[in-house]
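# Per-entry structural report
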Amino acid sequence: MVAALNAALRDALADDDRVLVFGEDVGRSGGVFRVTDGLQVEFGDRRVFDTPISESGIAGAAVGLAFAGWRSVVEMQFDAFSYPALEQIVDHVAKMRERTRGRVDMPITIRMPAFGGIKGKEHHGESPETFYVHTAGLKVVAPSNPGDAYRLLRLAIADPDPVIVLEPKARYWAKAEATLTLEGPGIGIAATVREGDAATIFTYGAMVARCLDAAEALAGDGVFARVVDLRTLSPLDTETIARCVRETGRAVVVHEAPKTLGLGAEVTACIVEEAFDFLEAPVRRVTGYDVPYPPATIEHRYLPSVRRITAAVRDVVAY
Amino acid sequence: MVAALNAALRDALADDDRVLVFGEDVGRSGGVFRVTDGLQVEFGDRRVFDTPISESGIAGAAVGLAFAGWRSVVEMQFDAFSYPALEQIVDHVAKMRERTRGRVDMPITIRMPAFGGIKGKEHHGESPETFYVHTAGLKVVAPSNPGDAYRLLRLAIADPDPVIVLEPKARYWAKAEATLTLEGPGIGIAATVREGDAATIFTYGAMVARCLDAAEALAGDGVFARVVDLRTLSPLDTETIARCVRETGRAVVVHEAPKTLGLGAEVTACIVEEAFDFLEAPVRRVTGYDVPYPPATIEHRYLPSVRRITAAVRDVVAY
Amino acid sequence: MASEPHHWRGTEPRRVLAPDGSLVGDPDVGLGPDDLRAMLRFMLLARRLDRECIALQRQGELTVYPGFEGQEAAQVGSAMALGPDDFVFPTFRELAAALVRGVDPVQYLAYHRGTWHGGPYDPRATRFGPICIPVATQIVHGVGYAMGLALDGVRACSLAYFGDGSTSEGDFHEAANLAGVFGAPTVLFCQNNGWAISVPTARQTAGEIWKRAEGYGFPGIRVDGNDVLAVYRETREAAARAYAGEGPTLIEALTYRVGAHSTADDPGRYRGEDEVSDARGFDPIARFRSWLLAAGHIDDDLLAGWEAEIEEQVLTIREGVIAQPPPPVEWMFDWTYADPPSALAVQRSEVLGG
Amino acid sequence: MASEPHHWRGTEPRRVLAPDGSLVGDPDVGLGPDDLRAMLRFMLLARRLDRECIALQRQGELTVYPGFEGQEAAQVGSAMALGPDDFVFPTFRELAAALVRGVDPVQYLAYHRGTWHGGPYDPRATRFGPICIPVATQIVHGVGYAMGLALDGVRACSLAYFGDGSTSEGDFHEAANLAGVFGAPTVLFCQNNGWAISVPTARQTAGEIWKRAEGYGFPGIRVDGNDVLAVYRETREAAARAYAGEGPTLIEALTYRVGAHSTADDPGRYRGEDEVSDARGFDPIARFRSWLLAAGHIDDDLLAGWEAEIEEQVLTIREGVIAQPPPPVEWMFDWTYADPPSALAVQRSEVLGG
Ligand SMILES: Cc1ncc(C[n+]2csc(CCOP(=O)(O)OP(=O)(O)O)c2C)c(N)n1
Ligand SMILES: Cc1ncc(C[n+]2csc(CCOP(=O)(O)OP(=O)(O)O)c2C)c(N)n1
Ligand SMILES: [Mg+2]
Ligand SMILES: [Mg+2]
């Protein structure tokens, strides 16, 4: 996935000379995960540059640059390090278009390695999507594979509105062949990544692969679960969500973020609103727990496991 | 309510000489809403003091003061002005107890005037509860009347864990007689503020009064809606929520925050998990819209109105 | 003689005119008599309009309004020093600067009437950013904008206004540090008016604000913010450095907030009347007017003529403000996204449907 | 002679020992021969342990590890200058300081083994705060703690460590400004090691870090961070000022990060080997050792004896680290709240149930 993201940035820089890439360590070193590798050499240090450690400054500078007609693609080095920028993101990045009655677009892309699963240090495994999905004016995407990563990042950069791109760091090094192309579903469209009719598992990010594993395990027992990769977390693809529940009658939502007011709450509420009559069992949420993200040696007990996912699917199917 | 909050602070300062009150303009001027009126004169400027405009500094200083054995009650001058402190709140205030394996408590109370309805300026009408309810390690309360305000603020201050106190600014000047006492339900306990069996309206903050108006209007038409004031938003009183849905079969959630991943999503998910079999209609959410909080002259079109609430209740009842 | 405002203590500010209007520097700051007169006229209009706004608020025609009486020189002097391509990022208290920059006051006041947030005027056309409430956040925008100017190789700068209290925020620091690192063509313009709501500058910081600049590697300047000529000259020089690629300047303009923080504020709770009446002895308009009179650039007839004109101008503005209706409710939805998601369209029709 | 690290340019730092170990100041910093020897021994232990940790990481026994080779004097000198009641708020790179403060290295390294977050040791007992990753946030804690000391009238101070890169964050500024306003008894101790991951100090800020202090109204000091005696003396004086109620001090200690940012980092991508080998010419241990030898405080026998002892000590630590099992999974739930809500108890039993 790193290569796909890198290609997306390269192509965006090449296609539109108003695109800038900046953030901490994105220039010379090419980013701590090498997502920006080689870009500074190729496009020069005017367009790809390192900043001081200053997340609020980075987000705020992107706002000012937008006033000056630039299209910033900024990196927050890790999920939790976007928190110092929250005021700028909520008060200005998200609201500036409204505040100026459409006169000033905020074509800002805020990338960050997100979620856990890499035995990282504290504050390196956060799932911050709730903060951004709840904030009107932002879009939020979370690709799970290289093809989506390429396309969604490019669409994010091209979007006149600010887009938060949550890159599942646990999938950065996942090997997968992919044609990198702009063709394909846009922001806001979920993908059914495995067919099934017993229940639908809604998920995103690194949990997509895990849910596929769970579905495979279940299939061995004759339980055929559909898996939907939401891909875009805001706006949610409520149509696909409702359709799948109408078709399968049962739903499980899987994510790494803590349960309370994690995205699963919104997906559940949406199912209730849009497909109540078709719902044959309570929606089950298989999520991180309502605790701080735990240390490396026990993070696997925090993250939704194949066992927990399959158990939840069996539960709703047996309901 | 201002008087009740003021009394709670005064009594807490008097009862425990490790309690400190600080924030922007809380000392000499007594706070922009006068919640801290007179406290500096009474307890001196060692214990009640003004700070520079530095929300992250205020929250972070409270963390350091907790290490030194002090119990800080800090004010964020308005809801949106807590955002610059988010990193300190999420990374440290909420997590420090866990990070130190229980060796260092964080008895920090973060008060803020919250929600809209006072024709305020931009960034003065935010409903930030989602950010705090989603954050493990915090408790969140939102009293709707003077009695609860007094008790919950005192309990928050006495709590060994950090508590966010969202004070519904639109109710600051509401006239209501109340005995101010510590006796009564603790943090985590909702209140049924009006009986009814046709449906339950779950709400909190300034919307409690509005929901009561709506229930009154509905009662005129023979529709008897129960109204539950959640009072504590984290941890949610899931028992009361589930019991009410079991008893009334129908639910509406009302809040000012935008719909997507507002608290209504969690309440809905909780209902589905705990009372699915009793649910006779989809849960309806009557909330702020998924837009930035609007300017004063149209905020009444954004906030849940009696009309929108009654319509939703009629909908679920007729379902 | 009345004593200087408390926060003026310390390093002597740069001056052209002494508080009594006498010359202590070179009055040739690069402005001809017409410009000098225009400067005073802007200050007079600003003061009159400011008072009118307070009246409008009391009459229920505006929501909470933040007056700026006493700060006319700081705002008019700095705003006049900018060129047409320069871009201003204001706080919520820069109506005087907005007037100078040609922002339509009725549109500006739509903000305080509660008919729109941010910039009801066109920030691009006026090169005057949206009104900004979360203190210090706009300074970062100013720096980002300036970085953009530098990338484009445009000979222009940005200027962000902010108060003494705002300098305590992390965003002040991040903005200043970024400006230094990127050599951004920007002016960080602090109106130190002695108070941040109820907190005096001395409880806001233990240092002098202009001195912070050295730590960021660029010049810091302390100017008498009630001396419009000095403000003009220092801002102009800062802008000139920016144009020349010499990077940012921090200007601390010492001024005084004569009125309340806003119409919702009661300064009687935290400061004495003496302080305010003392400060009136340093009035920026009186100072400049007395020098202009002495220098023969204006006379009483001209002033009387202006007074009548300004009355009329303010009346027109007043009427314009009062005539502003609330915005169509669908505006709430129409600019959140360039291309609104379908769920938002549903919410929009719910509102319009009733 | 090798050239000085790039970021040492500018104001000459305070020194007792020149880089070659010769005296350029008064070596009587208030330490007797035993203390001086202890100082060197801590530095030697720290370096040996640091290298062991890197080995442990390579062997899969630790998660990502941030080495501190080259910074031993900055850490040991400053930590030794503190009294038992003083409280340290570290970053993630202060293992050497932790050793001096008596933190059990096995418990400390539990953090890097991934068995617990924050402070696996007891921060209260050791007066050494939890390891802190979000840069600059701990500086604010140091200031808050110091405010608490002042309220209690205790004769003690806090000291927060942070890097050059961390000074770009808003929290650095808010901490420093609060410290100034409240006259907090605290030491803001910057280890300027020239790099923040891949970004050199010159791209982090255009100013000199120690100069920031003036803007906050308290003293700023630039010290040669590879001169352990100077570091000790300056920190001790800063602490003494704090004890005496004279408020905060900002210390910029010029040092150099000889190794990678962490075991996950590849410095070959952004800096040349020349720079590193040049910097080795300013090694803090060699400098101090050579002076101690010359002054007759140590001899080769003693050093040889230490070497053997340290090998053994490090072996014991190594074994202790490797012996550490993952924590019981329920720990995940046991300290989130003093009094966990019932929903969390349900989650806890779900985990324990399988
Ligand atoms: C982030 C943030 N915190 C708090 C406030 C509330 N507030 C509004 S104005 C103000 C005082 C600002 O003082 P100063 O910067 O000196 O500007 P002045 O009001 O004097 O023009 C405060 C605290 C705010 N607007 N933004
Ligand atoms: C708020 C925040 N942003 C980004 C990071 C990622 N990060 C970890 S260490 C580091 C560099 C720190 O540099 P410096 O302060 O000089 O300390 P050093 O690593 O040199 O000891 C960065 C950017 C972080 N930990 N916290
Ligand atoms: Mg001010
Ligand atoms: Mg460094």
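From a predicted model like this one, the values you see are computed outputs, not experimental measurements.

This part covers the overall build of chain C. Helices and strands together make up the secondary structure of chain C, namely 15 helices and seven strands. Relative to the compact-globule value of 20 Å for 354 residues, chain C shows a C-alpha radius of gyration of 20 Å, a close match. Summarising its shape, the C-alpha atoms of chain C cover approximately 65 × 50 × 40 Å along the three principal directions. Classification of the 354 residues of chain C by burial places 64% in the buried group. Considering only intrachain contacts with a sequence separation of at least 6, the fraction spanning at least 24 residues in chain C is 74%. Within chain C, one finds 30 positive and 49 negative side-chain charges whose respective centroids are separated by 3 Å.

Facing 40 residues of chain C, the contacting portion of chain B comprises 35 residues. Carbon and sulfur atoms supply 57% of the area buried between chain C and chain B, which totals about 3200 Å² over both sides. Among the residues of chain C in contact with chain B, His117, Arg269 and Met332 of chain C are the three that bury the most area, contributing 22% of the side total. The interface formed by chain C and chain B includes two salt bridges.

Once that is clear, we can look at the coordination of the magnesium ion (ligand 3). Residue and element names in this part refer to chain C. Each protein donor to the magnesium ion (ligand 3) is listed here as Asp164 (OD), Asn193 (OD1) and Trp195 (O); together their distances run 2.1 to 2.2 Å. Within one chain, the residues serving as donors to the magnesium ion (ligand 3) are arranged as D-x28-N-x1-W. Placement of Asp164 in the loop between strand S2 (158–163) and helix H7 (170–182) and of Asn193 in the loop between strand S3 (186–192) and strand S4 (195–196) is noted, with a sequence separation of 29 residues between them. Among the residues examined, Asn193 registers a relative accessible area of 5% and is labelled buried.

How large an interface is tends to be reported as the accessible area lost when its parts come together. On the chain B side, the residues contacting the 46 residues of chain A number 46 residues. Taken together, both faces of the contact between chain A and chain B bury some 4300 Å²; the carbon and sulfur share is 64%. Its largest share of buried area at the contact with chain B, chain A owes to His134, Leu261 and Phe276 of chain A, together 17% of the area lost on that side. Remark: the boundary between chain A and chain B carries 10 salt bridges. The shortest N-O distance in the salt bridge between Arg99 of chain B and Glu122 of chain A comes to 2.5 Å. The tally of links between chain A and chain B comes to 18 residue pairs in polar contact (both at pLDDT 80 or more). Where the side of chain A that touches chain B is concerned, the elements lending two or more residues are helix H4 (86–93), helix H5 (96–99), helix H6 (129–133), strand S11 (251–258) and helix H10 (263–275) of chain A. Broken down by element, the side of chain A that touches chain B gets its largest block of residues, eight residues, from H10 of chain A. Of the residues assigned to the side of chain A that touches chain B, the class counts are 24 nonpolar, eight polar and 14 charged.

With that out of the way, let us pick up the sheet that holds strand S1 (residues 87–89) of chain C. Residue and element names in this part refer to chain C. Taking strand neighbours across the sheet as the criterion, the five strands line up as S1-S2-S3-S7-S6 in an open arrangement whose pairing is parallel. Single-partner strands in this sheet number two, and they are S1 and strand S6 (220–224). Looking at each pair of strands side by side, their axes are set apart by 20° on average, direction ignored. Where S1 and S2 come together, three bridges link them in parallel fashion. Bridge pairing in S2 places Phe89 opposite Ala160. Seen against the sheet, helix H6 (residues 137–152) touches S1, S2 and S3 and runs at an angle of roughly 170° to S2.

Residues and elements named next belong to chain D. Of the protein atoms, only Asp164 (OD), Asn193 (OD1) and Trp195 (O) coordinate the magnesium ion (ligand 4), at distances of 2.1 to 2.2 Å. Motif for the magnesium ion (ligand 4), donor spacing along one chain: D-x28-N-x1-W. Taken individually, Asn193 and Trp195 each receive the classification buried, so the pair is uniform in this respect.

Thresholds applied
- Residues numbered from 1 in each chain as written.
- Chains lettered and ligands numbered in written order.
- Predicted model: local features only at pLDDT ≥ 70, side-chain atom pairs only at ≥ 80, totals over all residues.
- Heavy atoms only, no water.
- Helix = DSSP H or I, 4+ residues; strand = E, 2+ residues; numbered from the N terminus.
- Rg over C-alpha atoms; globule rule 2.2 N^0.38 Å.
- Buried < 20%, exposed > 50% of the residue type's maximum accessible area, 1.4 Å probe, protein only.
- Contact = heavy atoms within 4.5 Å.
- Lys, Arg positive; Asp, Glu negative; His and termini not counted.
- Charge placed at Lys NZ, Arg CZ, Asp CG, Glu CD.
- Buried area = accessible area lost by both parts, 1.4 Å probe.
- Salt bridge = Lys/Arg side-chain N within 4 Å of Asp/Glu carboxyl O.
- Donors = N, O, S within 2.8 Å, 3.2 Å for Na, K, Ca; no water.
- Polar contact = N/O pair within 3.5 Å; in protein donor to acceptor, adjacent residues only side chain to side chain.
- Nonpolar A, V, L, I, M, F, W, Y, C, P; charged D, E, K, R; others polar.
- Pairing = 2+ DSSP bridges.
- Axes fitted to C-alpha atoms, helices over the stretch in contact; angles between N-to-C directions.

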